[in-house]
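Residues per chain, in single letters:
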Amino acid sequence: MRSQRWAISVVERQPDHAERLLLELVRADYTATQQALSGFVSSGGQLRAVGIGAWGVVFAVAVQAKSAAAAGVAALLAAGFTIIDGYHSALYRQALTRARNLEDLLGEYHNSLGIHAANPRKALIARARLEQHRFGVHRNMTPIHKMDRWWLPRPVRVTWIYAVLIALAAGAAIYFQA
């Protein structure tokens, strides 16, 4: 059995000063996007807790007083929080998409320094993507009114909670009116 030696040629591509500055800007943009995502995640839980808690209080008053009007208010409150949560979810989805795109951009760039360093075309494409990147978390977000079904909270496990709350309140309003 003969042993074979594999020669691996390593080609190093060194970024210039302008490229390093662009990379720092993209990393700063990624950090800002991560902070926005973190804020959306923490405020999303708080928003749902407040909405469900407020609904619970109003619904308890409706049941205690056997009031169709209070039950109707509880249904409207749940519908309102559905829309607010949908708006929040739309912002979160846009920030998450942005974070994934930035990760792809950074990954492609790092590949151009490593595994694709010998391929000048891939290195050039990675550099061009760095140069063409639009910086700023908020300036790259699509206006909410231009999105389809922005008002629908995502994921579905969240949406059904609001549907159940609205159905309970509407059912109680119908029951108390009879």
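Residues numbered from 1 in each chain as written. Predicted model: local features only at pLDDT ≥ 70, side-chain atom pairs only at ≥ 80, totals over all residues. Heavy atoms only, no water.

S.K.: What am I meant to see in the packing of helix H1 (residues 17-65) against helix H4 (residues 156-177) here?
M.R.: Axis angle and axis distance: for two packed helices, these are the angle between their axes and the distance between the axes, and together they describe the pair. Orientation of H1 relative to H4, taken along the N-to-C sense of each, is 15°, at an axis distance of 11 Å. By the angle between their directions, the pair H1 and H4 is classed as roughly parallel. In this structure, H1 meets H4 at a crossing whose hand is left-handed. In contact with Arg48, Ile52, Trp55, Phe59, Ala62 and Val63 of H1, H4 contributes Val158, Ile161, Tyr162, Leu165, Leu168, Ala169, Ala172 and Phe176. (Axes fitted to C-alpha atoms, helices over the stretch in contact; angles between N-to-C directions. Helix = DSSP H or I, 4+ residues; strand = E, 2+ residues; numbered from the N terminus. Parallel < 35°, antiparallel > 145°, perpendicular 65-115°, else oblique. Left-handed = near helix turned anticlockwise from the far one by under 90°. Contact = heavy atoms within 4.5 Å.)

S.K.: What should I look at first to understand the pattern of salt bridges in this one?
M.R.: Between side chains of opposite charge, a pair can form as their charged atoms come close. Under the defined criterion, the tally for this structure stands at six salt bridges. Arg127 is the salt-bridge partner of Glu19, the closest N and O atoms lying 2.9 Å from each other. Of this pair, Glu19 sits in helix H1 while Arg127 is found in helix H3 (residues 120-132), placing the two residues 108 residues apart along the sequence. In this structure, Asp29 engages Arg98 in a salt bridge whose closest nitrogen and oxygen atoms are separated by 2.3 Å. With Asp29 in helix H1 and Arg98 in helix H2 (residues 68-113), this residue pair connects regions lying 69 residues apart in the sequence. (Salt bridge = Lys/Arg side-chain N within 4 Å of Asp/Glu carboxyl O.)

S.K.: Mind showing me how you'd approach H2 here?
M.R.: Residues spaced three or four apart along an α-helix face the same direction, because each turn holds 3.6 residues. Taking 1.5 Å of rise per residue, 46 residues should cover 68 Å, and H2 covers 67 Å from first to last C-alpha, within 8% of that figure. For H2, the N-terminal cap is Ser67; the gap from its side-chain oxygen to the backbone nitrogen of Ala69 is 3.4 Å. (Expected span 1.5 Å × (residues − 1). Polar contact = N/O pair within 3.5 Å; in protein donor to acceptor, adjacent residues only side chain to side chain.)

S.K.: Mind showing me how you'd approach H4 here?
M.R.: In a regular helix each residue adds 1.5 Å, so 22 residues correspond to 32 Å; H4 covers 31 Å between its end C-alpha atoms and thus fits that length. Buried positions along H4 lie against H1 and H2.

S.K.: Can you help me understand the environment of Ile52 in this one?
M.R.: On the secondary structure map, Ile52 appears in helix H1. Taking C-alpha positions, Ile52 is 9.2 Å from Leu77, a pair spaced 25 residues apart along the chain. Dropping the residues within four chain positions of it, Ile52 is found in contact with Ile161 and Leu165.

S.K.: Honestly, the packing of H1 against H3 in this entry has me stumped. Any pointers?
M.R.: Where H1 meets H3, the closest approach of the two axes is 9 Å, and the angle between their N-to-C directions is 55°. As summarised for this structure, H1 and H3 are arranged oblique, according to the angle between their axes. The interaxial crossing formed by H1 with H3 has left-handed handedness. In this structure, H1 contributes Ala18, Glu19, Leu22 and Val26 to the contact, and H3 contributes Arg127, Leu130 and Glu131. Considering only residue class, the contact of H1 with H3 consists of four nonpolar, no polar and three charged. (Nonpolar A, V, L, I, M, F, W, Y, C, P; charged D, E, K, R; others polar.)

Purely geometric stuff here, so don't read any function into it on its own.
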